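# Per-entry structural report
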Amino acid sequence: MTDLDPTSPRPDAPAPTVAATVGEGAVVDAVVRGVPDRVSVDGLEDKLGGRWREEGTYDFDRSATRDQVFSIDTPPPTVSGSLHVGHVFSYTHTDLVARYQRMQGREVFYPMGWDDNGLPTERRVQNYYGVRCDPSLPYVEGYEPPQQGDASTGKGRAADQQPVSRRNFVELCERLTSEDEKQFEALWRHLGLSVDWAQHYQTVGRSSQRVAQTAFLRNLARGEAYQAQAPGLWDVTFQTAVAQAELEARDYPGFFHKITFHAPDGATVEIETTRPELLPACVALIAHPDDERYQHLFGTTVRTPLFDVEVPVLAHPAAEPDKGAGIAMCCTFGDLTDVQWWRELQLPTRSIVRRDGRVVEDTPDWVTAEAGRALYAELAGKTTFSARTAVVDALRASGDLVGEPVATQRKANFYEKGDKPLEIVTSRQWYIRNGGREWLSPEGEPVRDLRAELLARGDELGFHPDFMRVRYENWVKGLNGDWLISRQRFFGVPIPVWYPVGDDGEPRWDAPIVPSEAQLPVDPSADVPDGYTEDQRGAAGGFVGDPDIMDTWATSSLTPQIAGGWLEDPELFERVFPMDLRPQGQDIIRTWLFSTVVRSHLEFGTLPWKNAAISGWILDPDRKKMSKSKGNVVTPMSLLEEHGSDAVRYWAASARLGTDAAFEVGQMKIGRRLAIKILNASKFALSFGAAQGEDGAEATHTVSLDPALVTVELDRAMLTGLAAVVEQATEAFEAYDHTRALEITETFFWTFCDDYLELVKDRAYGAGATTADATAETASARAALAIALDTLLRLFAPFVPFATEEVWSWWRAGSIHRASWPAAAPLREAAADADPRVLTAAGHALAALRKVKSEAKVSMRVPILAATVAVPAELQPGVRSAVDDVRGAGRVTGPLELVEPAEGQGDPAVQGGIVVVSSELGEPEPKKPRA
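Below, the structure is looked at part by part. Nothing here was measured: the structure is a model prediction, and the numbers come from that model.

### Observations concerning the pairing of strand 12 (residues 282–287)
- Counting buried positions along strand 12 gives 6 out of 6 residues, so the element sits mostly inside the fold.
- Across 5 bridges, strand 12 lies against strand 15 (residues 327–331) in antiparallel orientation. Paired with leucine 285 across the strands is methionine 329, a residue of strand 15.
- Pairing analysis gives 3 bridges linking strand 12 to strand 14 (residues 310–315), with the strands arranged parallel. In the sheet register, alanine 287 faces strand 14, and the bridge partner there is alanine 315.

### Here we look at the sheet that holds strand 20 (residues 462–464)
- Here 3 strands make up an open sheet; going across it, the order is 20-27-26 and the pairing parallel. For this open sheet the edge positions go to strand 20 and strand 26 (579–585), each flanked by a neighbour on one side alone. Sheet twist, expressed as the average angle between the axes of neighbouring strands with direction ignored, equals 20 degrees.
- Here 6 bridges tie strand 26 to strand 27 (residues 609–615), and the two strands are oriented parallel to one another. Note that in strand 27 the partner of proline 583 across the bridge is alanine 613.

### Some details on the sheet that holds strand 33 (residues 915–921)
- Spatial strand order, 32-31-33: 3 strands in an open sheet with mixed pairing. Where the open sheet ends on each side, the last strands, each with one partner, are strand 32 (896–899) and strand 33. Each strand axis lies, on average, 10 degrees off the axis of its neighbour in the sheet, ignoring direction.
- Relative to strand 32, strand 31 (residues 864–870) runs parallel, the two being bridged by 4 bridges. Its bridge partner lying in strand 32, alanine 867 is registered against leucine 896.

### As for the environment of leucine 285
- Within the secondary structure layout, leucine 285 lies in strand 12.
- The class of leucine 285 is buried, set by a relative accessible area of 0%.
- Residues leucine 285 and phenylalanine 298, spaced 13 residues apart in sequence, show a C-alpha to C-alpha distance of 9.3 Å.
- Apart from the residues lying within four places of it in its own chain, the contact partners of leucine 285 are Phe261, Val269, Ile271, Val302, Pro312, Val313, Leu314, Ile327, Ala328 and Met329.

### A short note on helix 3 (residues 119–129)
- Among the residues of helix 3, Leu119, Thr121, Glu122, Val125, Gln126, Asn127 and Tyr129 are the ones counted as buried.
- On its buried face, helix 3 is in contact with strand 5 (131–133), helix 4 (166–191), strand 9 (240–241) and strand 16 (406–415).
- Directly after helix 3, the chain includes glycine 130, whose backbone phi takes a positive value near 70 degrees.

### Focus: the nonpolar core
- One finds Leu714, Phe752 and Trp811 to be the most contacted residues of the largest nonpolar core, which totals 101 residues.
- The residues contacting leucine 714, other than those within four sequence positions of it, are Tyr756, Leu759, Val760, Arg763, Val838, Leu839, Ala842, Ala882 and Asp885.
- With 60 residues, the next largest nonpolar core counts Ala64, Val211, Ala554 and Trp566 among its residues.

How each quantity is defined
Residues numbered from 1 in each chain as written. Predicted model: local features only at pLDDT ≥ 70, side-chain atom pairs only at ≥ 80, totals over all residues. Heavy atoms only, no water. Buried < 20%, exposed > 50% of the residue type's maximum accessible area, 1.4 Å probe, protein only. Helix = DSSP H or I, 4+ residues; strand = E, 2+ residues; numbered from the N terminus. Pairing = 2+ DSSP bridges. Axes fitted to C-alpha atoms, helices over the stretch in contact; angles between N-to-C directions. Contact = heavy atoms within 4.5 Å. Core = buried A, V, L, I, M, F, W, Y, C linked by side-chain atoms within 4.5 Å.

Nothing here speaks to function; it is all geometry.
Below, the structure is given as structure tokens:
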């Protein structure tokens, strides 16, 4: 036991400490004080949230050793508007673990971060302030945007938004995210997250930038980061490259066009395509090597319709004989298969689509035919949609269109936040190796099998639930390229390199200038590399800064390092890394979880955490995933205010990890009733032995938690059952099954309220006896009630932290959330091997007696003058050992005879087969006249 005196008054601001509890080595007498006349869950969030903040209840003690620490890599929510109920759902799951581990005596490192960068933040700033970024503009000191919120008519259309410099735009991003973060923190506090708010960060803060840039430069030095001019997925709306992990395959309407290519001998080859506008970019026709229809064509050439360019006919196993004509047009680039063929067959590059999604204006030199060049001039500058119409019209006119286009639904790649299909554009980008491509030395020799290493890391990681492991494995096995980390945006962590500019005025992209780690963080668009001056920026013989920023995942993949103080606080980092837990959603296993494993593996040669807890999704009434992009989300603050935070937490806790859950207000109402019942049952259990003060108010009194006082069999049976609950709930929490822990605890609690409290009520009152005057039987009931209440409150504390803390304050010092998790051993010792079926049997007998009154439609206070009760043989010992309590609770004033049931008498599924064979009811008490 600690040296905390549970009878002392609460200090104004005590240091966080573990409250004394049963079984810690000494007898505890607790003073009951401050029990309200009427209990309520309303207002507890503000009352107790303020107290937790003042007392530092959840502060992390950094003097703890690593083996005493439980560290959590908390997801940093994207600060781009508002949280939704799905966030409440998953973050509650994390908080349950944090609270349990803290009560297990661990120092819990539970930080909070804000993911500020990325496209959602930029889009929100554009719409909120009515601005767009133009990096060519100069910085304006003291700039104020043209609108605040939705007040301006310029919201939405880029043409109506005011252009501002990159620095001004970034300042507006920082301003808006700062306001959003305050609202997020207020909601998390109201929900009762036991976060240590001294441990927080922003993914665009200086410390985060330093970590991200340091990790990148080390990746670069070890050959794990590289840049390449290569085809990549490009979003023409957001004007940025898109990584494989950010793709969504969606159905997209299109048309199949059957068109003819021409062989030198006059024969024709028909192919089908949904992208006829890419005919100028065609580099080959490709069929499966086993397709007998095209064996005679392999190794020959054909000429493209309209543009008359000679292209080879080649074989590749990725061609699909049963799709369309079985032979496909390979263009650079229409889809990812084109990229695969281009790379593996070493085909030429003939790109014609610009970054803005329009056709390149200069006629390519590989189109030499006069008619082809004339047609291309008509396509130049058009969108791909308009170019497609023009090409189809030309094919129809030339006779190379066979039939008319046939409508189809095709799968197209979209950026997860975009609304137009992605194009594949050749550009210079930065990559980090992730096993998606073979890692070869400059001489072409294999360096290491990174894919196999990362699969092995996945085997080491504890997934909860375990079936989520396969998602990690499938993702790693299915990678077809390294991790693209550069983005053509403005608000984020800059790529920390410059490039020398040659005498010809062209940047030397293959000779990056890197800063020292001591100089970080840097912004190459504003800072100058060593040995240069600002006036040399962009000049021949000078330098240029890399204009790109890092992908949001390139920063978020370092959250353990950022939160743990990798570079700035090595003592803290030693205590928290590798972390114990990564909680997150199932949909970002491929992004956040995998990328974090990659960075930790490359830098430290270890996993970033031991366990990953994967939450499911929240589904709307139509069983669709709730998300802001779908517009079907529910904002949580109104729910928290209407039902109470404990009620909403109860709903969240009722769903297991990895399982999708419906949004159910009904479940929240059940949670609210549970919280209220905890308050009422606790007040009732603490009322025994109380004397009345001079003014009629309840006076302070003492309750004992001395296990030696528990001598009655029924009381001991209840504690035996409670010990089993503690064991099972503990086992469930250790297995990350919080729902099982809640189910077990709640089931016992309702039995405790409905059966045990009613059975021992008369004995616990003891004819109004004070603690000093109580008989041994009364003292047994009161001690058992106190021990049970002490245990149940701690079992419920992670789930309903406000109601349990409120009750704890009535009779215990300190916070329940710094009390120790209950142990089963002292309960079993106090129970002295009593059979838990005693409580079950007595409860069934009481229910049978009450059923008689219910069927007679009389009050439960009506006495039973005599009764004969049929009790199955296996329950008879339990009922007989508790018969006095059964008589008292059932108001049996005369003979109570227990007999064996006759054949066929009693249903084992109803009251354990106990039935009242005969009974005689007394007269109801006369109603009191109204005043």
